[in-house]
Amino acid sequence: MAILSKEEAQAILKKVVGFSKADFCEVSLRGSDGGNIRYARNAVSTAGQISTMSLGVSSTYGKKTGSATINEFDDASLEKVVRRAEELAMLAPENPEFMPLLGPQTFAESKTFNANTAAMTPDTRAEMVGKSLSVSKAAGLDAAGFLENSTSFNAVMNSKGLFAYNKGTNVSFSVTVRNKQGTGSGYVEQDFNDLAKMDTLALSKIAAGKANGSAGAKAIEPGKYTVILEPLAASDILGNMFRGFDARSADEGRSFMSKKGGGTRLGEQLFSENVNIYSDPLNPEIPSSTWSGDGLPIKRTQWVEKGVVKNLAYSRYWAAQKGVEPLPFSRGVIIEGGNQSLQDLIKSTEKGILVTRFWYIRSVDPQTLLLTGLTRDGTFYIENGEIKFPIKNFRFNESPVIMLNNVEALGKPVRTGSGLIPPMKIRDFTFTSLSDAI
């Protein structure tokens, strides 16, 4: 199905809202078009093209809401889905947290769409995967990876006059490279809005280097070490923390942002002074939608400044309960860093461990944000500013809150995982046991 323009989406949504007989009606319309290639053991295993579009209707009588979805767009089908939502609303219980619909809002124009990415073809994907495979084949290694691109749009309208539209593109790539003996492994993962920034050849060379370099890993004792976290590793562990910047869970005593005895830790010095965290939907390196799912404008927001918690995210309902303005959380979190490269951080380390990434991360204690997980795909011992040898993987038990209190240095941020994240030099990171997995 086609990616609808702003005007085309608006026309369909107006028609659907016009069918409504409920007190309130909210309609969402979204679609995507893209393709992918999957490969394993140096050969393509699957390739596909995916195109979808669906429409959802939420109808409300008083505080009773019913929702229905459909993927047919003739007039009879559009009216049918509205009637179905209304039928379900009449049967639904009242929602004690119902909030009235928003009226018209003003949104900044997003930067999420890139024409070159939208123009990707199966041939483009095949060429990009071919470059990746050329690396593993030339090095006598095995590669398994996934390349995917998509163009998508999302639009909402309600019976109070709100209308919002966003169109975006994305291309993502990941590859695991291993040696034939199964004793060494490397991994990279990257995504961009702009196809021109994606270099599958260079990324595959990094993964291949780690696959060769991690073979013959030595066992060293678990304990507290200075670690250099590559941006992907830092993103892996910090993603859990970002979800904790929610005011309601903090107020209700359910998160690390909860204060003992009641209240939140808003305004407290929770991290090192060199930690600054913000989100900005208009940042060109990691752009995102400028409006939230319920139609609130999303703007640049400072979440942490010099280690102090400056803001928590408030839903409309919880903001009304607390008498504050609602503040939506934005994807694409940015942690400020310096100009040092990953290699610079390694050179500055007398003794430490380089971590490529973490996986199988699980929560141990939500209120302290204590996590456990494993290193994977390349863990190395550093001595006198140089990587000396690969080491066996560790299980860690660590809280990102404590971790960000032990920051010794932050490098130059790069796009990875959930945001723009710098490589990090952290002291006293806790490893508790060894793992034989590679």
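Remember, predicted model here, so these are calculated numbers, not experimental data.

Asks: Would you mind going over the domain arrangement of the protein chain with me for this structure?
Replies: Where interface size is quoted, it is often the accessible area lost as the parts come together. Split into domains, the protein chain comes out as domain 1 (6-211) and domain 2 (217-438). The centre of domain 1, based on its C-alpha atoms, is set 26 Å off from the matching centre of domain 2. Each partner contributes residues to the interface: domain 1 has 38 residues there, and domain 2 has 28 residues. Interface area for domain 1 against domain 2, summed over the two sides, is near 2700 Å², with a carbon-plus-sulfur share of 54%. Three residues, Met 99, Tyr 187 and Lys 210, lead the burial of domain 1 against domain 2; their summed loss comes to 20% of the area buried on that side. Scanning the region where domain 1 abuts domain 2 turns up four salt bridges. Summed over the shared surface of domain 1 and domain 2, the number is twelve residue pairs in polar contact (both at pLDDT 80 or more). Sorting the residues of the side of domain 1 that touches domain 2 by element identifies strand 4 (141-158), strand 5 (163-179) and strand 6 (185-192) as the ones contributing at least two each. Per-class residue counts for the side of domain 1 that touches domain 2 are 14 nonpolar, 15 polar and nine charged.

Asks: Would you take a moment to explain the pairing of strand 2 (residues 43-61) for this structure?
Replies: Along any regular strand the residues' side chains alternate between the sheet's two faces. Alignment of strand 1 (residues 24-40) against strand 2, held across 17 bridges, turns out to be antiparallel. Bridging from a neighbouring strand, Cys 25 pairs with Ser 59 of strand 2. Taking the residues between adjacent antiparallel strands as the criterion, strand 1 and strand 2 are bridged by two residues, where Arg 41 takes a positive phi near 50°. Examined bridge by bridge, strand 2 and strand 3 (residues 64-70) share seven bridges and lie antiparallel to one another. Within strand 3, the position partnered with Ser 58 by the bridge is Ser 67. With antiparallel pairing between neighbouring strands as the criterion, strand 2 and strand 3 make up a hairpin whose turn holds two residues, including Gly 62 at a positive phi of roughly 65°.

Cut-offs and rules
- One numbering rule holds for all chains: residues counted from 1, following each sequence as written.
- Local features in this predicted model are restricted to residues of pLDDT 70 or higher, and side-chain atom pairs are both shown and tallied only at a pLDDT of 80 or more, whereas totals for entire chains, interfaces and linings draw on every residue.
- The basis for every side-chain value is the complete set of non-hydrogen atoms in the structure, without hydrogens or water.
- Residue ranges for the domains originate in an automatic or database domain assignment.
- The contact criterion used is simple: two residues touch if any of their non-hydrogen atoms lie within 4.5 Å.
- Two parts placed together each lose some accessible area; with a 1.4 Å probe, that loss summed over both constitutes the buried area.
- Should a side-chain nitrogen of Lys or Arg be within 4 Å of a carboxyl oxygen of Asp or Glu, the pair is scored as a salt bridge.
- We call two N or O atoms a polar contact when they sit within 3.5 Å, provided that within protein one can donate a hydrogen and the other can accept it, with sequence-adjacent residues counted only if both atoms are side-chain atoms.
- Helical segments are the DSSP runs of H or I of at least four residues, strand segments are the runs of E of at least two, and each set is numbered from the N terminus.
- Polar here means any residue other than Ala, Val, Leu, Ile, Met, Phe, Trp, Tyr, Cys and Pro, which are nonpolar, and Asp, Glu, Lys and Arg, which are charged; Gly is therefore polar.
- Two strands make a pair as long as DSSP finds a minimum of two bridges between them.

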